[in-house]
2 protein chains.
Amino acid sequence: MMKLGIILDMDGVLYRGEEPLKGAREAVDFLKERGIPFVLLTNNSTKTPGSYREKLLRMGIEVSEERIVTSGLATRLYMEEHFKPGKVFVIGGEGLLEEMKGLGWGIVDVEGAKEGGWRDVEYVVVGLDPDLTYEKLKYGTLAVRNGARFIGTNPDTTYPAEEGLYPGAGAIVAALKASTGEEPIIIGKPNEPAYEVAVERLRSFGDFDEVWMVGDRLDTDIAFAKRFGMKAVMVLTGVSSLEDVEGSGTRPDVVLTGIGELPEYIEAELGEGG
Amino acid sequence: MMKLGIILDMDGVLYRGEEPLKGAREAVDFLKERGIPFVLLTNNSTKTPGSYREKLLRMGIEVSEERIVTSGLATRLYMEEHFKPGKVFVIGGEGLLEEMKGLGWGIVDVEGAKEGGWRDVEYVVVGLDPDLTYEKLKYGTLAVRNGARFIGTNPDTTYPAEEGLYPGAGAIVAALKASTGEEPIIIGKPNEPAYEVAVERLRSFGDFDEVWMVGDRLDTDIAFAKRFGMKAVMVLTGVSSLEDVEGSGTRPDVVLTGIGELPEYIEAELGEGG
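Computed from a predicted model, the values in this text were never measured in an experiment.

**Focus on the overall build of chain A**
Link 1 in the chain: From N to C terminus, chain A includes eleven helices and 14 strands.
Link 2 in the chain: Against the compact-globule benchmark of 19 Å for 274 residues, chain A has a radius of gyration of 19 Å, which places it among compact chains.
Link 3 in the chain: Along the first, second and third principal axes, the C-alpha atoms of chain A reach 65 × 35 × 35 Å.
Link 4 in the chain: Here the contacts in chain A between residues at least 6 apart in sequence split such that 68% fall between residues at least 24 apart.
Link 5 in the chain: Averaging the locations of the 30 positively and 47 negatively charged side chains of chain A gives two centres separated by 3 Å.

Dropping the structure here:
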(Lines give C-alpha, C1' and ligand atoms only; values in the text may rest on other atoms or scores of the structure.)
Protein backbone atom coordinates (compact mmCIF):
# COMPACT_ATOMS: atom_id res chain seq x y z
CA MET A 1 0.00 0.00 0.00
CA MET A 2 1.06 3.59 -0.70
CA LYS A 3 3.24 5.21 1.96
CA LEU A 4 2.53 8.88 2.32
CA GLY A 5 4.69 11.86 3.38
CA ILE A 6 3.20 15.33 3.75
CA ILE A 7 4.66 18.83 3.55
CA LEU A 8 2.33 21.48 4.94
CA ASP A 9 2.51 25.22 4.57
CA MET A 10 1.58 27.03 7.80
CA ASP A 11 0.10 30.51 7.27
CA GLY A 12 -3.28 30.19 5.56
CA VAL A 13 -3.29 26.43 6.20
CA LEU A 14 -2.97 25.89 9.97
CA TYR A 15 -3.73 29.47 11.04
CA ARG A 16 -4.30 33.00 9.86
CA GLY A 17 -2.38 35.56 11.87
CA GLU A 18 -2.88 34.43 15.46
CA GLU A 19 -6.09 32.45 14.84
CA PRO A 20 -5.95 28.67 14.33
CA LEU A 21 -8.01 27.45 11.39
CA LYS A 22 -10.85 25.01 11.95
CA GLY A 23 -9.67 21.42 12.27
CA ALA A 24 -5.96 22.32 12.22
CA ARG A 25 -5.18 20.73 15.58
CA GLU A 26 -7.18 17.62 14.75
CA ALA A 27 -5.45 17.25 11.39
CA VAL A 28 -2.00 17.48 12.96
CA ASP A 29 -3.00 14.99 15.69
CA PHE A 30 -4.31 12.65 13.01
CA LEU A 31 -1.00 12.69 11.14
CA LYS A 32 0.91 11.99 14.36
CA GLU A 33 -1.43 9.15 15.42
CA ARG A 34 -1.25 7.54 12.01
CA GLY A 35 2.53 7.88 11.94
CA ILE A 36 2.46 9.70 8.62
CA PRO A 37 5.75 11.58 8.16
CA PHE A 38 5.06 15.31 7.92
CA VAL A 39 6.92 18.61 8.11
CA LEU A 40 5.76 22.23 8.16
CA LEU A 41 7.47 24.41 5.54
CA THR A 42 7.28 28.21 5.45
CA ASN A 43 8.94 30.79 3.21
CA ASN A 44 9.20 33.12 6.19
CA SER A 45 12.80 33.51 7.37
CA THR A 46 12.33 36.13 10.08
CA LYS A 47 11.36 33.67 12.85
CA THR A 48 13.06 30.52 14.12
CA PRO A 49 11.52 27.02 14.19
CA GLY A 50 11.43 27.38 17.99
CA SER A 51 9.27 30.49 17.83
CA TYR A 52 6.95 28.78 15.35
CA ARG A 53 6.63 25.84 17.74
CA GLU A 54 5.59 28.28 20.48
CA LYS A 55 3.16 30.06 18.20
CA LEU A 56 1.49 26.75 17.29
CA LEU A 57 1.44 25.71 20.94
CA ARG A 58 -0.46 28.90 21.85
CA MET A 59 -3.13 27.65 19.43
CA GLY A 60 -3.16 24.20 20.97
CA ILE A 61 -1.18 22.62 18.13
CA GLU A 62 1.74 20.57 19.39
CA VAL A 63 4.56 20.00 16.92
CA SER A 64 8.25 19.37 17.62
CA GLU A 65 10.81 21.91 16.42
CA GLU A 66 12.29 19.26 14.14
CA ARG A 67 9.12 19.25 12.08
CA ILE A 68 9.35 22.98 11.31
CA VAL A 69 11.40 24.15 8.33
CA THR A 70 11.63 27.93 7.80
CA SER A 71 13.32 29.32 4.70
CA GLY A 72 16.06 30.51 7.06
CA LEU A 73 16.68 26.96 8.29
CA ALA A 74 16.43 25.65 4.73
CA THR A 75 19.06 28.18 3.69
CA ARG A 76 21.36 26.99 6.45
CA LEU A 77 20.87 23.30 5.65
CA TYR A 78 21.33 23.91 1.93
CA MET A 79 24.53 25.88 2.51
CA GLU A 80 25.90 23.15 4.83
CA GLU A 81 25.21 20.54 2.18
CA HIS A 82 26.48 22.37 -0.90
CA PHE A 83 28.95 25.07 0.03
CA LYS A 84 32.31 25.38 1.76
CA PRO A 85 32.54 27.38 4.98
CA GLY A 86 33.04 31.12 4.51
CA LYS A 87 31.98 34.34 6.20
CA VAL A 88 28.36 35.39 5.87
CA PHE A 89 26.82 38.86 5.57
CA VAL A 90 23.14 38.76 6.50
CA ILE A 91 20.42 41.10 5.28
CA GLY A 92 17.47 39.65 7.14
CA GLY A 93 15.52 39.26 10.34
CA GLU A 94 16.44 37.65 13.65
CA GLY A 95 15.42 34.16 12.57
CA LEU A 96 17.76 34.20 9.58
CA LEU A 97 20.59 35.70 11.61
CA GLU A 98 20.25 32.90 14.20
CA GLU A 99 20.43 30.23 11.48
CA MET A 100 23.45 31.84 9.89
CA LYS A 101 25.20 32.08 13.26
CA GLY A 102 24.32 28.41 13.71
CA LEU A 103 26.35 27.58 10.61
CA GLY A 104 29.44 28.52 12.59
CA TRP A 105 31.14 29.97 9.54
CA GLY A 106 31.45 33.46 10.99
CA ILE A 107 29.27 36.51 10.52
CA VAL A 108 30.35 39.90 9.20
CA ASP A 109 27.94 42.49 10.58
CA VAL A 110 27.49 46.07 9.35
CA GLU A 111 30.08 47.39 11.79
CA GLY A 112 32.58 44.78 10.66
CA ALA A 113 31.75 45.47 7.02
CA LYS A 114 32.35 49.18 7.57
CA GLU A 115 35.85 48.43 8.87
CA GLY A 116 36.65 46.68 5.61
CA GLY A 117 35.24 43.27 6.54
CA TRP A 118 33.03 43.22 3.42
CA ARG A 119 36.11 42.14 1.51
CA ASP A 120 36.15 38.84 3.48
CA VAL A 121 32.47 38.02 2.91
CA GLU A 122 31.86 34.85 0.90
CA TYR A 123 28.07 34.66 1.20
CA VAL A 124 25.53 37.47 1.11
CA VAL A 125 22.26 35.98 2.38
CA VAL A 126 19.15 38.08 1.88
CA GLY A 127 15.73 37.60 3.46
CA LEU A 128 12.98 39.88 4.62
CA ASP A 129 14.67 42.47 6.83
CA PRO A 130 12.42 44.70 8.96
CA ASP A 131 15.58 46.63 9.87
CA LEU A 132 16.86 47.09 6.34
CA THR A 133 19.10 50.12 5.84
CA TYR A 134 20.94 51.62 2.88
CA GLU A 135 24.22 50.57 4.51
CA LYS A 136 23.18 46.91 4.45
CA LEU A 137 22.39 47.18 0.73
CA LYS A 138 25.70 48.95 0.21
CA TYR A 139 27.90 46.32 1.86
CA GLY A 140 25.86 43.50 0.33
CA THR A 141 26.45 45.07 -3.08
CA LEU A 142 30.17 45.58 -2.50
CA ALA A 143 30.57 41.99 -1.28
CA VAL A 144 28.68 40.39 -4.19
CA ARG A 145 30.57 42.57 -6.67
CA ASN A 146 33.73 41.37 -4.91
CA GLY A 147 32.81 37.74 -5.65
CA ALA A 148 30.61 36.69 -2.72
CA ARG A 149 27.80 34.27 -3.52
CA PHE A 150 24.35 35.87 -3.54
CA ILE A 151 21.61 33.83 -1.84
CA GLY A 152 17.96 34.77 -1.28
CA THR A 153 15.84 32.96 1.32
CA ASN A 154 12.58 33.17 -0.64
CA PRO A 155 11.15 34.81 -3.75
CA ASP A 156 8.01 36.43 -2.26
CA THR A 157 7.94 40.09 -3.30
CA THR A 158 5.21 40.89 -0.74
CA TYR A 159 3.50 39.43 2.29
CA PRO A 160 0.09 40.21 3.70
CA ALA A 161 0.07 42.29 6.90
CA GLU A 162 -2.31 44.52 8.84
CA GLU A 163 -2.44 47.52 6.52
CA GLY A 164 -2.01 45.66 3.24
CA LEU A 165 0.84 44.02 1.34
CA TYR A 166 4.29 44.78 2.74
CA PRO A 167 7.55 44.39 0.78
CA GLY A 168 8.88 40.82 1.08
CA ALA A 169 12.31 39.23 0.77
CA GLY A 170 11.91 39.24 -3.01
CA ALA A 171 11.76 43.04 -3.07
CA ILE A 172 15.05 43.37 -1.18
CA VAL A 173 16.58 40.68 -3.40
CA ALA A 174 15.41 42.74 -6.43
CA ALA A 175 17.36 45.76 -5.18
CA LEU A 176 20.55 43.69 -4.91
CA LYS A 177 19.98 42.06 -8.28
CA ALA A 178 19.81 45.54 -9.77
CA SER A 179 22.90 46.85 -7.98
CA THR A 180 25.07 43.78 -8.59
CA GLY A 181 23.84 42.51 -11.96
CA GLU A 182 23.94 39.00 -10.43
CA GLU A 183 21.24 36.32 -10.25
CA PRO A 184 20.85 34.89 -6.73
CA ILE A 185 20.16 31.33 -5.70
CA ILE A 186 16.68 31.44 -4.16
CA ILE A 187 16.06 28.78 -1.50
CA GLY A 188 12.32 28.91 -0.65
CA LYS A 189 9.23 27.51 -2.36
CA PRO A 190 8.71 26.99 -5.30
CA ASN A 191 12.44 26.36 -5.80
CA GLU A 192 14.56 23.22 -5.77
CA PRO A 193 16.57 23.90 -2.59
CA ALA A 194 13.39 24.03 -0.47
CA TYR A 195 12.26 20.74 -1.99
CA GLU A 196 15.57 19.05 -1.34
CA VAL A 197 15.70 20.21 2.28
CA ALA A 198 12.04 19.49 3.11
CA VAL A 199 12.09 15.98 1.64
CA GLU A 200 15.29 15.12 3.49
CA ARG A 201 13.78 16.32 6.73
CA LEU A 202 10.58 14.38 5.96
CA ARG A 203 12.65 11.22 5.54
CA SER A 204 13.87 11.52 9.15
CA PHE A 205 10.26 10.85 10.23
CA GLY A 206 9.80 7.64 8.25
CA ASP A 207 9.59 6.13 4.79
CA PHE A 208 7.26 7.30 2.04
CA ASP A 209 6.87 6.76 -1.64
CA GLU A 210 4.52 9.66 -2.36
CA VAL A 211 4.69 13.25 -1.17
CA TRP A 212 1.73 15.59 -0.81
CA MET A 213 2.15 19.34 -0.56
CA VAL A 214 -0.69 21.07 1.30
CA GLY A 215 -0.83 24.82 0.78
CA ASP A 216 -2.93 27.89 0.06
CA ARG A 217 -0.92 29.78 -2.56
CA LEU A 218 -0.94 28.89 -6.23
CA ASP A 219 2.29 30.72 -7.04
CA THR A 220 4.35 29.14 -4.28
CA ASP A 221 2.77 26.01 -2.74
CA ILE A 222 0.87 24.61 -5.70
CA ALA A 223 3.52 25.57 -8.28
CA PHE A 224 6.10 23.96 -5.97
CA ALA A 225 4.09 20.71 -5.78
CA LYS A 226 3.61 20.48 -9.55
CA ARG A 227 7.25 21.25 -10.26
CA PHE A 228 8.59 18.39 -8.17
CA GLY A 229 5.96 15.75 -8.77
CA MET A 230 4.23 16.11 -5.43
CA LYS A 231 0.46 15.82 -5.13
CA ALA A 232 -0.84 19.40 -4.92
CA VAL A 233 -3.47 19.69 -2.18
CA MET A 234 -4.93 23.19 -2.06
CA VAL A 235 -6.91 24.65 0.82
CA LEU A 236 -9.16 27.71 0.42
CA THR A 237 -8.41 29.31 3.80
CA GLY A 238 -5.51 31.45 2.62
CA VAL A 239 -4.39 33.73 -0.22
CA SER A 240 -5.66 32.00 -3.39
CA SER A 241 -9.31 31.37 -4.24
CA LEU A 242 -11.18 29.00 -6.57
CA GLU A 243 -11.41 31.86 -9.10
CA ASP A 244 -7.62 32.22 -8.96
CA VAL A 245 -7.38 28.53 -9.83
CA GLU A 246 -9.66 28.99 -12.83
CA GLY A 247 -7.62 31.94 -14.09
CA SER A 248 -4.29 30.19 -13.61
CA GLY A 249 -2.22 27.67 -15.51
CA THR A 250 -1.25 26.11 -12.17
CA ARG A 251 -3.84 23.47 -11.20
CA PRO A 252 -3.97 21.71 -7.84
CA ASP A 253 -4.68 17.96 -7.89
CA VAL A 254 -7.33 18.35 -5.21
CA VAL A 255 -9.01 21.30 -3.52
CA LEU A 256 -10.20 21.09 0.11
CA THR A 257 -12.22 23.85 1.75
CA GLY A 258 -9.80 23.67 4.67
CA ILE A 259 -7.26 21.59 6.56
CA GLY A 260 -10.15 20.03 8.56
CA GLU A 261 -11.00 17.93 5.52
CA LEU A 262 -7.51 16.47 5.23
CA PRO A 263 -7.92 13.42 7.56
CA GLU A 264 -11.02 12.26 5.75
CA TYR A 265 -9.36 12.72 2.39
CA ILE A 266 -6.32 10.75 3.52
CA GLU A 267 -8.55 7.95 4.85
CA ALA A 268 -10.33 7.77 1.53
CA GLU A 269 -7.07 7.67 -0.43
CA LEU A 270 -5.21 5.24 1.82
CA GLY A 271 -8.18 3.07 2.72
CA GLU A 272 -9.22 2.15 6.25
CA GLY A 273 -6.30 -0.17 6.90
CA GLY A 274 -3.63 2.45 5.89
CA MET B 1 24.67 80.06 -39.25
CA MET B 2 23.93 77.23 -36.83
CA LYS B 3 22.88 78.28 -33.34
CA LEU B 4 24.14 75.89 -30.70
CA GLY B 5 22.80 74.88 -27.26
CA ILE B 6 24.78 72.54 -24.99
CA ILE B 7 23.78 70.18 -22.19
CA LEU B 8 26.76 69.02 -20.13
CA ASP B 9 26.96 66.20 -17.65
CA MET B 10 29.04 67.12 -14.59
CA ASP B 11 30.73 64.14 -12.88
CA GLY B 12 33.35 62.69 -15.20
CA VAL B 13 33.07 65.74 -17.49
CA LEU B 14 33.84 68.84 -15.37
CA TYR B 15 35.33 67.03 -12.38
CA ARG B 16 35.95 63.68 -10.76
CA GLY B 17 35.09 63.58 -7.08
CA GLU B 18 36.50 66.85 -5.76
CA GLU B 19 39.08 67.36 -8.52
CA PRO B 20 38.32 69.61 -11.49
CA LEU B 21 39.23 68.11 -14.85
CA LYS B 22 41.76 69.84 -17.10
CA GLY B 23 40.26 72.68 -19.07
CA ALA B 24 36.87 72.52 -17.36
CA ARG B 25 36.93 76.10 -16.12
CA GLU B 26 38.18 77.40 -19.46
CA ALA B 27 35.49 75.50 -21.34
CA VAL B 28 32.73 76.92 -19.13
CA ASP B 29 34.17 80.43 -19.48
CA PHE B 30 34.32 79.98 -23.25
CA LEU B 31 30.62 79.06 -23.41
CA LYS B 32 29.70 82.08 -21.29
CA GLU B 33 31.86 84.48 -23.34
CA ARG B 34 30.46 83.22 -26.61
CA GLY B 35 26.90 83.43 -25.27
CA ILE B 36 26.20 79.81 -26.13
CA PRO B 37 23.20 78.60 -24.10
CA PHE B 38 24.27 75.77 -21.81
CA VAL B 39 23.00 73.86 -18.78
CA LEU B 40 24.57 71.24 -16.50
CA LEU B 41 22.46 68.11 -16.13
CA THR B 42 23.11 65.38 -13.54
CA ASN B 43 21.21 62.24 -12.64
CA ASN B 44 22.17 62.76 -9.01
CA SER B 45 19.17 63.80 -6.90
CA THR B 46 20.76 63.83 -3.44
CA LYS B 47 22.18 67.38 -3.71
CA THR B 48 20.54 70.69 -4.62
CA PRO B 49 21.56 72.96 -7.53
CA GLY B 50 22.82 75.39 -4.88
CA SER B 51 25.22 72.85 -3.42
CA TYR B 52 26.47 71.97 -6.90
CA ARG B 53 27.09 75.66 -7.58
CA GLU B 54 29.21 75.79 -4.41
CA LYS B 55 31.06 72.63 -5.32
CA LEU B 56 31.92 74.04 -8.75
CA LEU B 57 32.94 77.35 -7.19
CA ARG B 58 35.42 75.53 -4.91
CA MET B 59 37.06 74.32 -8.13
CA GLY B 60 37.10 77.83 -9.62
CA ILE B 61 34.17 77.14 -11.96
CA GLU B 62 31.52 79.84 -11.72
CA VAL B 63 28.05 78.85 -12.86
CA SER B 64 24.70 80.28 -11.77
CA GLU B 65 22.25 78.00 -9.97
CA GLU B 66 19.83 78.41 -12.87
CA ARG B 67 22.19 76.54 -15.14
CA ILE B 68 22.23 73.43 -12.90
CA VAL B 69 19.54 70.79 -13.35
CA THR B 70 19.66 67.82 -10.94
CA SER B 71 17.32 64.88 -11.42
CA GLY B 72 15.59 66.08 -8.24
CA LEU B 73 14.91 69.49 -9.79
CA ALA B 74 13.92 67.84 -13.07
CA THR B 75 11.45 65.68 -11.15
CA ARG B 76 9.95 68.77 -9.55
CA LEU B 77 9.68 70.70 -12.83
CA TYR B 78 8.22 67.69 -14.62
CA MET B 79 5.63 67.16 -11.89
CA GLU B 80 4.67 70.87 -11.93
CA GLU B 81 4.17 70.72 -15.69
CA HIS B 82 2.31 67.42 -15.97
CA PHE B 83 0.60 66.53 -12.71
CA LYS B 84 -2.01 67.99 -10.39
CA PRO B 85 -1.01 68.91 -6.83
CA GLY B 86 -1.14 66.04 -4.34
CA LYS B 87 0.79 64.89 -1.29
CA VAL B 88 4.25 63.44 -1.85
CA PHE B 89 6.07 60.63 -0.03
CA VAL B 90 9.82 60.88 -0.63
CA ILE B 91 12.33 58.04 -0.57
CA GLY B 92 15.49 59.99 -1.29
CA GLY B 93 18.24 62.28 -0.11
CA GLU B 94 18.16 65.86 1.15
CA GLY B 95 18.32 67.38 -2.33
CA LEU B 96 15.23 65.54 -3.50
CA LEU B 97 13.36 66.31 -0.30
CA GLU B 98 14.10 70.02 -0.74
CA GLU B 99 12.76 69.98 -4.30
CA MET B 100 9.63 68.12 -3.27
CA LYS B 101 9.04 70.57 -0.43
CA GLY B 102 9.51 73.32 -3.02
CA LEU B 103 6.55 71.96 -4.97
CA GLY B 104 4.36 73.11 -2.10
CA TRP B 105 2.01 70.17 -2.52
CA GLY B 106 2.61 68.82 0.98
CA ILE B 107 4.94 66.09 2.18
CA VAL B 108 3.95 62.94 4.06
CA ASP B 109 6.99 61.81 6.06
CA VAL B 110 7.52 58.40 7.68
CA GLU B 111 5.96 59.56 10.95
CA GLY B 112 2.92 60.87 9.12
CA ALA B 113 2.70 57.71 7.04
CA LYS B 114 2.80 55.62 10.20
CA GLU B 115 -0.23 57.49 11.56
CA GLY B 116 -2.19 56.50 8.47
CA GLY B 117 -1.02 59.35 6.22
CA TRP B 118 0.14 56.90 3.54
CA ARG B 119 -3.50 56.68 2.48
CA ASP B 120 -3.38 60.36 1.41
CA VAL B 121 -0.18 60.05 -0.63
CA GLU B 122 -0.62 60.75 -4.36
CA TYR B 123 3.03 60.61 -5.43
CA VAL B 124 5.78 58.28 -4.27
CA VAL B 125 9.04 59.78 -5.49
CA VAL B 126 12.13 57.57 -5.25
CA GLY B 127 15.76 58.58 -5.61
CA LEU B 128 19.02 57.45 -4.10
CA ASP B 129 18.42 57.46 -0.34
CA PRO B 130 21.46 57.13 1.93
CA ASP B 131 19.00 56.84 4.83
CA LEU B 132 16.80 54.18 3.28
CA THR B 133 14.93 52.01 5.78
CA TYR B 134 12.50 49.12 5.50
CA GLU B 135 9.75 51.43 6.77
CA LYS B 136 10.24 53.78 3.84
CA LEU B 137 9.90 50.86 1.42
CA LYS B 138 6.85 49.69 3.34
CA TYR B 139 4.92 52.96 3.19
CA GLY B 140 6.02 53.59 -0.40
CA THR B 141 4.65 50.14 -1.28
CA LEU B 142 1.37 50.69 0.58
CA ALA B 143 0.88 54.10 -1.07
CA VAL B 144 1.58 52.89 -4.64
CA ARG B 145 -0.66 49.87 -4.10
CA ASN B 146 -3.27 52.36 -2.88
CA GLY B 147 -3.10 54.23 -6.20
CA ALA B 148 -0.28 56.75 -5.73
CA ARG B 149 1.81 57.49 -8.81
CA PHE B 150 5.29 55.93 -8.73
CA ILE B 151 8.12 58.19 -9.90
CA GLY B 152 11.86 57.47 -9.97
CA THR B 153 14.41 60.28 -10.23
CA ASN B 154 16.93 58.32 -12.32
CA PRO B 155 17.56 54.79 -13.55
CA ASP B 156 21.19 54.34 -12.41
CA THR B 157 21.43 51.04 -10.50
CA THR B 158 24.88 51.94 -9.13
CA TYR B 159 27.20 54.88 -8.74
CA PRO B 160 30.96 54.90 -8.30
CA ALA B 161 32.22 55.72 -4.80
CA GLU B 162 35.33 55.24 -2.69
CA GLU B 163 35.15 51.49 -2.09
CA GLY B 164 33.50 50.51 -5.37
CA LEU B 165 30.04 50.69 -6.89
CA TYR B 166 27.29 51.60 -4.42
CA PRO B 167 23.57 50.91 -4.97
CA GLY B 168 21.95 53.76 -6.91
CA ALA B 169 18.40 55.09 -7.20
CA GLY B 170 17.64 52.35 -9.73
CA ALA B 171 18.26 49.64 -7.12
CA ILE B 172 15.77 51.20 -4.70
CA VAL B 173 13.31 51.68 -7.56
CA ALA B 174 13.76 47.97 -8.39
CA ALA B 175 12.70 47.00 -4.86
CA LEU B 176 9.49 49.02 -5.19
CA LYS B 177 8.81 47.72 -8.68
CA ALA B 178 8.98 44.21 -7.21
CA SER B 179 6.76 44.98 -4.20
CA THR B 180 4.13 46.96 -6.13
CA GLY B 181 4.11 45.30 -9.55
CA GLU B 182 4.03 48.83 -11.02
CA GLU B 183 6.28 50.46 -13.62
CA PRO B 184 7.51 53.89 -12.50
CA ILE B 185 8.00 57.01 -14.58
CA ILE B 186 11.76 57.57 -14.56
CA ILE B 187 12.81 61.20 -14.93
CA GLY B 188 16.61 61.24 -15.42
CA LYS B 189 18.84 60.59 -18.43
CA PRO B 190 18.36 58.80 -20.83
CA ASN B 191 14.61 59.38 -20.48
CA GLU B 192 12.22 61.85 -22.05
CA PRO B 193 11.36 63.89 -18.93
CA ALA B 194 15.02 64.88 -18.43
CA TYR B 195 15.20 65.93 -22.10
CA GLU B 196 12.05 68.01 -21.89
CA VAL B 197 13.15 69.80 -18.71
CA ALA B 198 16.77 70.39 -19.79
CA VAL B 199 15.83 71.77 -23.20
CA GLU B 200 13.24 74.10 -21.68
CA ARG B 201 15.83 75.37 -19.21
CA LEU B 202 18.35 75.75 -22.04
CA ARG B 203 15.86 77.92 -23.94
CA SER B 204 15.83 80.42 -21.07
CA PHE B 205 19.47 81.18 -21.94
CA GLY B 206 18.89 81.93 -25.62
CA ASP B 207 17.86 80.50 -28.97
CA PHE B 208 19.37 77.43 -30.57
CA ASP B 209 18.59 75.13 -33.43
CA GLU B 210 20.96 72.30 -32.54
CA VAL B 211 21.63 70.70 -29.16
CA TRP B 212 24.84 68.94 -28.15
CA MET B 213 24.99 66.58 -25.21
CA VAL B 214 28.45 66.33 -23.64
CA GLY B 215 28.92 63.34 -21.34
CA ASP B 216 31.08 60.44 -20.26
CA ARG B 217 28.64 57.52 -19.97
CA LEU B 218 27.44 55.53 -22.96
CA ASP B 219 24.37 54.12 -21.20
CA THR B 220 23.07 57.46 -19.94
CA ASP B 221 24.62 60.50 -21.67
CA ILE B 222 25.34 59.12 -25.12
CA ALA B 223 22.18 56.97 -25.28
CA PHE B 224 20.24 60.07 -24.19
CA ALA B 225 21.78 62.16 -26.98
CA LYS B 226 21.06 59.59 -29.69
CA ARG B 227 17.53 59.03 -28.48
CA PHE B 228 16.50 62.69 -28.80
CA GLY B 229 18.47 63.75 -31.85
CA MET B 230 21.17 65.63 -29.97
CA LYS B 231 24.76 65.55 -31.12
CA ALA B 232 26.52 63.04 -28.84
CA VAL B 233 29.85 64.43 -27.67
CA MET B 234 31.72 61.91 -25.53
CA VAL B 235 34.65 62.69 -23.25
CA LEU B 236 37.04 59.99 -22.02
CA THR B 237 37.58 61.38 -18.51
CA GLY B 238 34.75 59.44 -16.85
CA VAL B 239 33.14 56.01 -16.72
CA SER B 240 33.15 54.78 -20.34
CA SER B 241 36.27 54.13 -22.44
CA LEU B 242 37.00 53.86 -26.16
CA GLU B 243 36.85 50.06 -25.79
CA ASP B 244 33.36 50.41 -24.33
CA VAL B 245 32.38 52.38 -27.43
CA GLU B 246 33.70 49.62 -29.69
CA GLY B 247 31.77 46.96 -27.77
CA SER B 248 28.54 48.96 -27.72
CA GLY B 249 25.70 49.63 -30.12
CA THR B 250 25.59 53.20 -28.81
CA ARG B 251 27.98 55.37 -30.83
CA PRO B 252 28.89 58.96 -29.99
CA ASP B 253 29.09 61.42 -32.89
CA VAL B 254 32.42 62.70 -31.71
CA VAL B 255 34.90 61.66 -29.02
CA LEU B 256 37.08 64.21 -27.22
CA THR B 257 39.85 63.21 -24.82
CA GLY B 258 38.41 65.72 -22.37
CA ILE B 259 36.31 68.84 -21.89
CA GLY B 260 39.43 70.94 -22.57
CA GLU B 261 39.06 70.15 -26.27
CA LEU B 262 35.49 71.39 -26.44
CA PRO B 263 36.18 75.09 -27.23
CA GLU B 264 38.43 74.22 -30.16
CA TYR B 265 35.91 71.71 -31.48
CA ILE B 266 33.11 74.28 -31.23
CA GLU B 267 35.27 76.86 -33.05
CA ALA B 268 35.91 74.39 -35.83
CA GLU B 269 32.25 73.47 -36.16
CA LEU B 270 30.85 77.00 -35.93
CA GLY B 271 33.64 78.74 -37.78
CA GLU B 272 35.54 81.76 -36.51
CA GLY B 273 32.63 84.16 -36.83
CA GLY B 274 30.21 81.91 -34.81
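**Concerning the sheet that holds strand β8 (residues 149-152) of chain B**
Residue and element names in this part refer to chain B.
Link 1 in the chain: Pairing is parallel in the open sheet, where four strands are placed in the order β6-β7-β8-β11. Here the strands that pair on one side only, and so sit at the sheet edges, are β6 (87-91) and β11 (185-186).
Link 2 in the chain: Across five bridges, the pairing between β6 and strand β7 (residues 121-126) is parallel. If you follow I91 over to β7, its bridge partner there is V126.

**Overview of the nonpolar core**
Most often, soluble globular proteins keep nonpolar side chains buried together rather than apart.
Link 1 in the chain: If you look at the biggest cluster of nonpolar residues, it comprises 52 residues, and the most contacted ones within it are V124 of chain A together with V124 of chain B.
Link 2 in the chain: In this structure, V124 of chain A is in contact with F89, G140, A143, V144, A148, R149, F150, I151 and L176 of chain A, ignoring residues within four places of it in sequence.

**As for helix α9 (residues 218-227) of chain B**
The periodicity of an α-helix, 3.6 residues per turn, causes residues three or four positions apart to be oriented the same way.
Residues and elements named next belong to chain B.
Link 1 in the chain: Those residues of α9 not exposed but buried are L218, T220, D221, I222, F224 and A225.
Link 2 in the chain: At its buried positions, α9 is contacted by β4 (38-41), α8 (192-203), β12 (210-215), β13 (231-235) and α10 (242-246).
Link 3 in the chain: Directly after α9, the chain includes G229, whose backbone phi takes a positive value near 70°.

**With respect to unusual backbone geometry**
Link 1 in the chain: Along the chain, K189 of chain A connects to P190 of chain A via a cis peptide bond; the corresponding omega equals 5°.
Link 2 in the chain: Its place among the elements puts P190 of chain A in the loop between β11 (185-186) and α8 (192-203).

What counts and how
Residues numbered from 1 in each chain as written. Chains lettered and ligands numbered in written order. Predicted model: local features only at pLDDT ≥ 70, side-chain atom pairs only at ≥ 80, totals over all residues. Heavy atoms only, no water. Helix = DSSP H or I, 4+ residues; strand = E, 2+ residues; numbered from the N terminus. Rg over C-alpha atoms; globule rule 2.2 N^0.38 Å. Contact = heavy atoms within 4.5 Å. Lys, Arg positive; Asp, Glu negative; His and termini not counted. Charge placed at Lys NZ, Arg CZ, Asp CG, Glu CD. Pairing = 2+ DSSP bridges. Core = buried A, V, L, I, M, F, W, Y, C linked by side-chain atoms within 4.5 Å. Buried < 20%, exposed > 50% of the residue type's maximum accessible area, 1.4 Å probe, protein only.

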